[in-house]
Amino acid sequence: MQARMTIEDIDKEFFFHPFTHVREHERVGPLTIVEGHGSTLTDTRGRAYLDAMAGLWCVNIGYGNAEMAETLRDQTERLAYYHTFASMGNEPVARLAQRLIAMAPGSMSKVFFGNSGSDANDTQVKLVWYYNNVLGRPEKKKIISRDRGYHGVTVMSGSLCGLPNMHAGFDLPLPMVHFVRAPHRLWEAEPGQSEEEFVQGLADELERLILAEGPDTVAAFIAEPVQAAGGVIVPPKSYFPAIQEVLRKYDVLLIADEVVCGFGRLGQNFGSEVFGMTPDLITVAKGITSAYIPLSACLVSESVWDVIASGSDKYGVFSHGYTYSAHPLAAAAAMTNLDIIERDGLIPQAKARGERLAERLRAEFGDHPLVGEVRGDGLLGAVEFVRSTDPLTAFDPALKVAPAVVRRSRELGVISRALPAADTIAFSPPFVVTEAEIDEMAAVARRALDDVAAELR
Ligand code: PLP
């Protein structure tokens, strides 16, 4: 019986998909990808798709890289695994830690490795709690996040998300997590408000929250440089300096979630550099290996490290870590990935392709009556759909306009992504994307919007 099942049948029968509407999946089944090369994916029927999202904002060097295959094979033969508990080490991971500290902004000191962005943000919160316990401040534990933030799916990382769909049905967020507004001018700025006034309003809101909760109870603020999954929200350049002034005043640590922005997507190694952030802790994942194998890391600043290190006098062994923390295969893959990015000039290339993407999205969507905003930074782009631009009116979410555009784009051979918090589609292609591929992504998305709009009338 099972021998005659197609791969799609087997998938429907046995595979519990993440972030998937279960009933819809039972009806339509999967799109099963069998191959990837550069920016192109191929499905079981041999149909090719341009991947405008680099998977989930992560395959930065593109699919099918032979050097990565060689590294993974070589490292598998030499040492596929050994743990790093109780002072055990391996060579790739020590070298990778050294390299990350050399690359990172600010004065970072140590690297803790995990397997996903979610577990890394969970670790960050534990580090912050541990830090305050060592300092004898057991009350200073609350974490402030932002509406539209995306930080993962574990119990704590899911709590840090400012996206209602991440909480519904899961009894989240945890009570020690609080939220402030996102720096999203389109919806959050008052009419006629200057950028300076808008930013000041957000900094004041943060200060009011810290004062209302009690500065002695607020431990950290977590933020993506550009909020990716929340809508590709690009903050004004003065935003993070103003926010950090407040954080410093109340001794609140800054965690920069660089899971999407890190390793070049915004045209520099880290988004923190682009937006004037001086984080105490940095979370990376995705682009560290271009997703060839799972890896995440928490970078810890010198001042935080000094406190954590002194914690061993109080607590003994630092009792946190995963079986796969500092996995040698992942570390070797990260080293080769970073070598490729450096040697092939992929960060300047990402910047140049990002300019092309912005230009093409503006050309295709800039004057469209159903487009509220075209935005982006580096090789991240987004188009937000609205019922009307004057007055600015959102679509009824039940119409699911962005998902319909993404569905139609896929039929036309381009995979983009509808973001949950707004009627927005995102573009985050591999750094190796060609100009012609970018033009095709934007043109297909425009055709898809026109087709969807015709049905809306
Ligand atoms: N942080 C950010 C900014 C992300 O975009 C994501 C995933 O998209 C995560 C954290 C969670 O990473 P993971 O899916 O590897 O757990």
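Rules behind the numbers
Residues numbered from 1 in each chain as written. Predicted model: local features only at pLDDT ≥ 70, side-chain atom pairs only at ≥ 80, totals over all residues. Core = buried A, V, L, I, M, F, W, Y, C linked by C-beta atoms within 7 Å. Buried ≥ 20, exposed ≤ 12 C-beta atoms within 10 Å, placed from the backbone. Helix = DSSP H or I, 4+ residues; strand = E, 2+ residues; numbered from the N terminus. Contact = placed C-beta atoms within 7 Å. Pairing = 2+ DSSP bridges. Axes fitted to C-alpha atoms, helices over the stretch in contact; angles between N-to-C directions.

Trainee: Would you mind showing me how to read the nonpolar core here?
Mentor: The nonpolar side chains of soluble globular proteins are, as a tendency, buried together. Counting 134 residues, the largest nonpolar core has Ala 220, Leu 281, Ala 297, Leu 299, Val 405, Met 441 and Ala 445 as its most contacted members. If one sorts the elements of this core by residue count, helix 13 (residues 328-343) sits on top with 9 residues. The residues touching Ala 297, leaving out its near neighbours within four places in the chain, are Leu 100, Val 111, Phe 112, Phe 113, Gly 114, Ala 120, Val 284 and Ile 288.

Trainee: Where do I start with the environment of Asn 132 in this structure?
Mentor: In this fold, Asn 132 is placed in helix 6 (residues 117-134). Asn 132 gets classed as buried once you count the C-beta atoms within 10 Å, which come to 20. With 87 residues separating them in the primary sequence, Asn 132 and Ala 219 have C-alpha atoms 7.7 Å apart. Contacts of Asn 132, omitting those with residues within four sequence positions, involve Arg 137, Lys 140, Lys 141 and Ala 219.

Trainee: I tried to follow the environment of Ala 382 on my own but got confused; where do I start?
Mentor: Tracing the backbone shows Ala 382 in strand 12 (residues 380-385). Sequence separation between Ala 382 and His 178 is 204 residues; the distance between their C-alpha atoms is 27 Å. Those residues in contact with Ala 382, other than ones at most four positions away along the chain, are Gly 231, Val 232, Arg 375, Gly 376, Thr 424, Ile 425, Ala 426 and Phe 427.

Trainee: I'm lost on the sheet that holds strand 12 in this one. Help?
Mentor: The pairing of strands in a sheet comes from backbone hydrogen bonds and takes either a parallel or an antiparallel form. The strand order across the open sheet built from 4 strands is 11-12-17-16, with neighbouring strands paired in antiparallel fashion. Looking at strand neighbours, the two that pair on one side only are strand 11 (371-377) and strand 16 (417-419), the edges of this open sheet. Each adjacent strand pair in this sheet contributes to an overall mean axis angle of 25 degrees, direction not counted. Direction of pairing for strand 11 relative to strand 12: antiparallel, over a ladder of 6 bridges. Among the inter-strand pairings, Arg 375 is bridged to a residue of strand 12, identified as Ala 382. Contacts between helix 14 (residues 346-365) and the sheet are confined to strand 11, strand 12 and strand 17 (424-427), with strand 11 contributing the most and set at about 175 degrees to the helix. Here helix 15 (residues 401-411) sits on the sheet in contact with strand 12, strand 16 and strand 17, set at roughly 175 degrees to strand 16.

Read these as geometric descriptors, not functional statements.
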